[in-house]
Amino acid sequence: MSFEITSELLANITSYIEVSNDKAIVALFEEMHYADIAEILDELSFDDVVYIIKLLDSEKTSAVLMELDEDIREKTLQNLSAKEIAEEVEELDSDDAADIIGELSEERQEAVLSKIEDEEHVKEIEELLAYDEDSAGGLMAKELVKVQAEWTVTRAIREIRRQAEELHQVYTVYVVDTEDRLTGRLSMKHLLLGAESTRSKIQELQKEDGIVTIQALEPSEKATMLMERYDLVALPVVDAEQKLVGRITIDDAVDSIIEDAERDY
């Protein structure tokens, strides 16, 4: 069944807020998809949006913020404390986190980053903020799964499990050398079924031919073009030395295409 906003639904939400019936609001949004929540918030008054964002848990509202109309999101962020924004950002992948923080003033950026406990997450966000927003680096996320060519199958599987805990979905497993230079990609099927033993080396299983990459400083338009041409769901991003620095996924590419189209319109 498709989601539909009704006047009755909006009236109920407004009445819940008027009487501070937080329990009813939480229950209403508990099983709702974040994109549907964002659509509802776009129809409410700004004060009601802030009320709901502060009420719901950060794991859900962080995703909601990314779906909100840009103007509403900007105003909402202005009414959240640095600590509240940090709590939202901590739940986001590095690319979305950088997008949120990039909308803040430099002073607010520093304040929010100082409230994030995960130092590695802060480092990744700062790295992404350094790229032009219209570059491949500005479109990429740092989260990915990679293994080294010289690892055994046993170690690779252990590392994939550990790294995958930080990802919503594993698109591709990349193979790198000891210097983090991209050398190929790894098919999960080959990993699980193709190895003669658990002591087999990853370099015996990796695919080296035809891997498409883009350099971080190249334009984002080229990234979306490459993904369309080669039917990619994920595009690895490398630096000038061919070191793997991130990846662009199809959902981010589609968002970029839509934003470009809206700008042109």
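Residues numbered from 1 in each chain as written. Predicted model: local features only at pLDDT ≥ 70, side-chain atom pairs only at ≥ 80, totals over all residues. Heavy atoms only, no water.

Draft legend 1. A look at the packing of helix 7 (residues 82–89) against helix 9 (residues 106–115). It is the contact of helix 7 with helix 9, at a shortest axis distance of 8 Å, that shows an interaxial angle of 65 degrees. The crossing of helix 7 and helix 9 is right-handed. Across the interface between the two elements, Ala82, Lys83, Ile85 and Ala86 from helix 7 touch Arg108, Ala111, Val112 and Lys115 from helix 9. Tallied by class, the residues present in the contact of helix 7 with helix 9 amount to 5 nonpolar, no polar and 3 charged. (Axes fitted to C-alpha atoms, helices over the stretch in contact; angles between N-to-C directions. Helix = DSSP H or I, 4+ residues; strand = E, 2+ residues; numbered from the N terminus. Left-handed = near helix turned anticlockwise from the far one by under 90°. Contact = heavy atoms within 4.5 Å. Nonpolar A, V, L, I, M, F, W, Y, C, P; charged D, E, K, R; others polar.)

Draft legend 2. Structural view of the layout of surface pockets. Computed from the structure, the second largest pocket encloses a volume of approximately 170 Å³. If you go around the second largest pocket, the residues you meet are Tyr171, Thr172, Tyr174, Arg185, Gly210, Ile211, Val212, Tyr230, Leu232, Val233, Ala234 and Pro236. (1 Å grid on protein atoms, 1.4 Å probe; cavity = no way out; pocket = protein on both sides within 12 Å on 5 of 7 lines; lining within 4 Å. Points joined across faces, edges and corners; volume = space filled by probe spheres on them.)

Draft legend 3. Layout of the sheet that holds strand 3 (residues 182–186). Sheet architecture is open: 3 strands sit in the order 1-2-3, paired in mixed fashion. The sheet terminates laterally at strand 1 (145–148) and strand 3, the two strands that pair on one side only. Adjacent strand axes in the sheet meet at a mean angle of 35 degrees, parallel and antiparallel pairs treated alike. By the bridge criterion, 4 bridges tie strand 2 (residues 173–176) to strand 3 in an arrangement that is antiparallel. In the sheet register, Val176 faces strand 3, and the bridge partner there is Leu182. (Pairing = 2+ DSSP bridges.)

Draft legend 4. Region of the structure containing the sheet that holds strand 4 (residues 214–215). Spatially, the 3 strands line up as an open sheet ordered 4-5-6, and their pairing is mixed. Strands at the two margins of the open sheet, each flanked by one partner only, are strand 4 and strand 6 (244–249). Of the strand pairs in this sheet, strand 5 (residues 234–238) and strand 6 are connected by 5 bridges, and their pairing is antiparallel. Following the sheet pairing, Leu235 is matched in strand 6 by Ile248. Of the strands in this sheet, strand 4, strand 5 and strand 6 are in contact with helix 14 (residues 220–229), which crosses strand 5 at around 140 degrees.

Draft legend 5. Here's a closer look at the pairing of strand 5. Summarising burial for strand 5: 5 of the 5 residues are buried, a large majority. Along strand 5, one buried face is formed by Ala234, Pro236 and Val238 and the opposite face, lined by Leu235 and Val237, is buried too. Sheet topology note: the strand 4/strand 5 ladder contains 2 bridges and is parallel. Paired with Gln215 across the strands is Val238, a residue of strand 5. Hairpin connection of strand 5 to strand 6: 5 residues between the antiparallel strands, including Gln242 at a positive phi of 65 degrees. (Buried < 20%, exposed > 50% of the residue type's maximum accessible area, 1.4 Å probe, protein only.)

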